[in-house]
Amino acid sequence: QVQLVESGGGTVQSGGSLRLSCEASGRTFSTYPMAWFRQSPGKEREFVAGTVHNEFMYAPIVKGRCTISRDNAKNTVFLQMSSLEPEDTAAYYCAVGRGRLTSYTASYTYWGQGILVTVSS
């Protein structure tokens, strides 16, 4: 059974940093796209960043403030976020897809439960 478990969320002040982690179990995902999405109340889930092999993709709204990385030996993907703003407050989800790297939620098969990030002003 595949399971994705996020950690590292919490509350941070505006301008601060956080590092999210997502550990996958039940299958090895070293060749699969892994990504982070986020969802704020009343809004649709949106792509944040993704990676597969040596390819990286970032949403324009976080580019330059976020870095995605992965440790395939640990089946884990990370999201380092800096210069956080109150608008970054959301539940953050990690996801695993198939095939090529995309920003579309429909391309991702497995999802974590989500972890809350709150940025206070």
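Keep in mind it's a predicted model, so treat the numbers as computed, not measured.

Okay, the overall build of the protein chain next. Helix and strand counts for the protein chain come out as 0 helices and 11 strands. Reading the helices (α) and strands (β) of the protein chain from amino to carboxyl end gives β-β-β-β-β-β-β-β-β-β-β. Relative to the compact-globule value of 14 Å for 121 residues, the protein chain shows a C-alpha radius of gyration of 13 Å, a close match. Considering only C-alpha atoms, the protein chain reaches an extent of 40 × 25 × 25 Å along its principal axes. Residues classed as buried in the protein chain amount to 45% of the 121 residues present. In the protein chain, the share of contacts with a sequence separation of at least 24, taken over all contacts with a separation of at least 6, comes to 59%. By element, 46% of the accessible surface of the protein chain is carried by carbon and sulfur atoms, the whole surface being about 6,400 Å². Of note, the protein chain has its 11 positive side-chain charges centred 6 Å away from the centre of its 9 negative side-chain charges.

What we call a disulfide is simply a covalent bond connecting the sulfur atoms of a pair of cysteines. Here the structure, examined in full by the defined rule, presents 1 disulfide. For Cys 22, the disulfide goes to Cys 94, at an S-S distance of 1.9 Å. Of this pair, Cys 22 sits in strand β3 (residues 18-25) while Cys 94 is found in strand β9 (residues 90-97), placing the two residues 72 residues apart along the sequence. By relative accessible area, Cys 22 is classed as buried at 0%. Just so you know, Cys 66 is unpaired, no disulfide at all, and the nearest cysteine sulfur is the one on Cys 94, 15 Å from it. Since its relative accessible area comes to 7%, Cys 66 is described here as buried.

What counts, and where the lines are drawn
Residues numbered from 1 in each chain as written. Predicted model: local features only at pLDDT ≥ 70, side-chain atom pairs only at ≥ 80, totals over all residues. Heavy atoms only, no water. Helix = DSSP H or I, 4+ residues; strand = E, 2+ residues; numbered from the N terminus. Rg over C-alpha atoms; globule rule 2.2 N^0.38 Å. Buried < 20%, exposed > 50% of the residue type's maximum accessible area, 1.4 Å probe, protein only. Contact = heavy atoms within 4.5 Å. Areas by Shrake-Rupley, 256 points an atom, 1.4 Å probe, with all protein chains shown as cover. Lys, Arg positive; Asp, Glu negative; His and termini not counted. Charge placed at Lys NZ, Arg CZ, Asp CG, Glu CD. Disulfide = S-S within 2.5 Å.

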